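# Architecture and fold: a report
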Amino acid sequence: MVDSRTAFGKGLSMARANSVSYLLGTSFHKMAYVEFGNPAAPAVVCVHGLSRNGRDFDPLAEALSNRFHVICPDLPGRGKSDWLPGALAYQPPSYVTALTHLLAALNKPVAWVGTSLGGICGMMIAAAQNTPITRLVLNDIGPHIPAASLKRIGGTLATPGERFATMAALEAHLREIYAPFGRLSDRQWAHLARFSARVVLDQTGAGAFALNYDPKIAEPLRNTVLLDVDMWPLWEMLKLPIMVIRGAASDLLLPSTFERMREAGAEGYVVEDAGHAPALMDAPAIAAVRAFLLRQ
């Protein structure tokens, strides 16, 4: 197993860039992804949260790459994937459309690791008939989502004109809004900052940094009346091994939801020094996920 403390030493060179096209409405778009390991090995698809990107999984992907083909996409509007034309397109069904095109291109069974939004997409696909998903890891997401947590998350998202003069300023911002990710090293925060930044120019041609996603992803959360989300009927449709990870201080995956998922047969794991959502960059969490994926 790769020690997460050295996870960024080889990760940049191990990651192979690729993309898949998908049809949404009347237009084709590109979804970017990176992959690790032998394409002939069993596959693991890792899907990030609302405002993140696939490079969050570099430490986990490295640790799995000697046994698995690991694929980490950037959801539409994030990272190197195409932005969508309108804010209303940034909804789970659009992401599922893009992700199922990726699954069709892979054309083999996959295990799924989904953080927050990535876990919602995983549940939706895993509940479908003839799903290729054989095993599911849900990172700080469950069938019940409190409206208050959605409101808090919406308040952390970028506004269209938000800029940072330096990478240090952008990293400081990430450290503040993503403090619930857990105890990350300076090297890990620098890694997140590197892949969370895009260069933008102002009217004078001067450069600055912005967060590496379409600000319109915030509109569905900011422009609607938020209610608690109930996905228990979807949960009841899942018929596969499930591991659920909870940040001990999470305001999104509540203790009662976590326990109900465990009572239904899911394997549980708690990250003590995290909220929503654990970064999965620490060695114990990586080892727990790896053990679950390797279990027969």
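For the structure, see preceding data.
Residues numbered from 1 in each chain as written. Predicted model: local features only at pLDDT ≥ 70, side-chain atom pairs only at ≥ 80, totals over all residues. Heavy atoms only, no water.

### Digging into the packing of aromatic side chains
- This model, assessed by the stated rule, comprises two aromatic pairs.
- Ring geometry for Tyr178 versus Phe181: centroids 4.6 Å apart, planes at 15°, classification stacked. Each member of the pair, Tyr178 as well as Phe181, is classed as buried.
- Directly above the ring of Phe292 sits Arg135, whose terminal nitrogen or CZ lies 4.9 Å from the centroid. (Phe/Tyr/Trp six-rings, centres within 6.5 Å; stacked < 30°, edge-to-face > 60°. Buried < 20%, exposed > 50% of the residue type's maximum accessible area, 1.4 Å probe, protein only. Lys NZ or Arg CZ within 6 Å of the ring centre and 35° of its normal.)

### Examining the nonpolar core
- Counting 70 residues, the largest nonpolar core has Trp112, Leu136, Trp235 and Leu238 as its most contacted members.
- Counting residues per element, this core draws most heavily on helix α3 (residues 92–106), which supplies seven residues.
- Contact partners of Trp235, with chain neighbours within four places excluded, come to Met123, Leu138, Pro143, Ile242, Met261, Ala264 and Ala266.
- Among the nonpolar cores identified, the runner-up in size contains 27 residues, and Leu64, Ile245, Val271 and Ala288 belong to it. (Core = buried A, V, L, I, M, F, W, Y, C linked by side-chain atoms within 4.5 Å. Helix = DSSP H or I, 4+ residues; strand = E, 2+ residues; numbered from the N terminus. Contact = heavy atoms within 4.5 Å.)

### With respect to the environment of Ile242
- With respect to the helices, strands and loops of the structure, Ile242 is situated in strand β11 (residues 242–247).
- It is 9.4 Å that separates the C-alpha atoms of Ile242 and Thr134, two residues lying 108 residues apart in sequence.
- Not counting residues up to four positions away in its chain, the partners in contact with Ile242 are Leu136, Leu138, Trp235, Ala266, Glu267 and Phe292.

### Some remarks on the pairing of strand β6 (residues 133–139)
- Among the seven residues that make up β6, six are buried, leaving the element largely enclosed by the rest of the structure.
- Bridge analysis of strand β5 (residues 110–115) against β6 gives six bridges, and the strand direction is parallel. Bridged to Val113 within β6 is Val137.
- Across four bridges, the pairing between β6 and β11 is parallel. Bridge pairing links Val137 to Met243 in β11. (Pairing = 2+ DSSP bridges.)

### With respect to the packing of helix α6 (residues 167–177) against helix α7 (residues 186–196)
- Contact pair α6 / α7: the axes reach a minimum separation of 9 Å and the direction vectors enclose 110°. For the element pair α6 / α7, the angle class is roughly perpendicular. Here Met167, Leu170, Glu171, Leu174 and Arg175 of α6 lie close against α7, whose contacting residues are Asp186, Trp189, Ala190, Leu192, Ala193, Arg194 and Ser196.
- Tallied by class, residues from the contact of α6 with α7 come to seven nonpolar, one polar and four charged. (Axes fitted to C-alpha atoms, helices over the stretch in contact; angles between N-to-C directions. Parallel < 35°, antiparallel > 145°, perpendicular 65-115°, else oblique. Nonpolar A, V, L, I, M, F, W, Y, C, P; charged D, E, K, R; others polar.)

### Details of the pattern of salt bridges
- Counted under the stated rule, the structure contains 10 salt bridges.
- Across the pair Lys216 and Asp214 runs a salt bridge whose closest N-O atoms are separated by 2.7 Å.
- Owing to a relative accessible area of 2%, Asp214 belongs among the buried residues under this scheme.
- We note a salt bridge from Glu259 to Arg262, for which the minimum N-O separation is 3.4 Å. Placement of the pair is Glu259 and Arg262 together in helix α10 (residues 255–263), with a separation of three residues, close to one helical turn.
- Judged by relative accessible area, Glu259 falls into the partly exposed class, the value being 34%.
- The structure contains a network of salt bridges with shared partners spanning Glu171, Arg175 and Asp186. (Salt bridge = Lys/Arg side-chain N within 4 Å of Asp/Glu carboxyl O.)

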